[in-house]
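What follows is each chain in one-letter form.
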Amino acid sequence: MPSDEQKAAHVRKTRMANYRASMRLEGFHMKESAKMPSKTTLIQKYKKLAMKCA
């Protein structure tokens, strides 16, 4: 049976792969080694865009 650390590492790896796949579907292309923006950074970005469009 895998340890808790191994399970956590697998979950992190899977989440990151899913995030990258979602970004590709949205039309963003980034390097594999590029640092991913944080959730709060993305929320702020889209709030600014929403204000411009309103």
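Residues numbered from 1 in each chain as written. Predicted model: local features only at pLDDT ≥ 70, side-chain atom pairs only at ≥ 80, totals over all residues. Heavy atoms only, no water.

Student: I would appreciate a short explanation of the overall build of the chain in the present structure.
Tutor: The secondary structure content of the chain amounts to two helices and zero strands. Its C-alpha atoms give the chain a radius of gyration of 15 Å, clearly above 10 Å, the size a compact globule of 54 residues would have. Taken over 54 residues, the chain has a buried fraction of 6%. (Helix = DSSP H or I, 4+ residues; strand = E, 2+ residues; numbered from the N terminus. Rg over C-alpha atoms; globule rule 2.2 N^0.38 Å. Buried < 20%, exposed > 50% of the residue type's maximum accessible area, 1.4 Å probe, protein only.)

Student: Explain helix H1 (residues 4–25) to me, please; I cannot follow it from the model alone.
Tutor: Quick reminder: α-helices carry 3.6 residues per turn. Residues three or four places apart thus point the same way. Taking 1.5 Å as the rise per residue, H1 with 22 residues should run 32 Å; its terminal C-alpha atoms sit 32 Å apart, in good agreement. Among the residues trailing H1, Gly27 stands out with phi positive, at a value near 100°. (Expected span 1.5 Å × (residues − 1).)

Student: Could you clarify how one ought to interpret a nonpolar patch on the surface in this entry?
Tutor: Residues Phe28, Met30, Tyr46 and Leu49 make up a contiguous nonpolar surface patch of roughly 340 Å² in combined accessible area. Tracing the chain through its elements places Leu49 in helix H2 (residues 39–53). Residue classification places Leu49 among the partly exposed positions, given a relative accessible area of 38%. (Patch = residues over 30% accessible without salt bridge, like charges linked within 9 Å, V, L, I, M, F, W, Y side chains within 5 Å. Areas by Shrake-Rupley, 256 points an atom, 1.4 Å probe, with all protein chains shown as cover. Salt bridge = Lys/Arg side-chain N within 4 Å of Asp/Glu carboxyl O.)

Student: Where do I start with the environment of Met1 in this structure?
Tutor: Along the chain, Met1 turns up in the segment before H1. Spatially, the C-alpha atom of Met1 lies 34 Å from that of Arg24, the residues being 23 residues apart in sequence.

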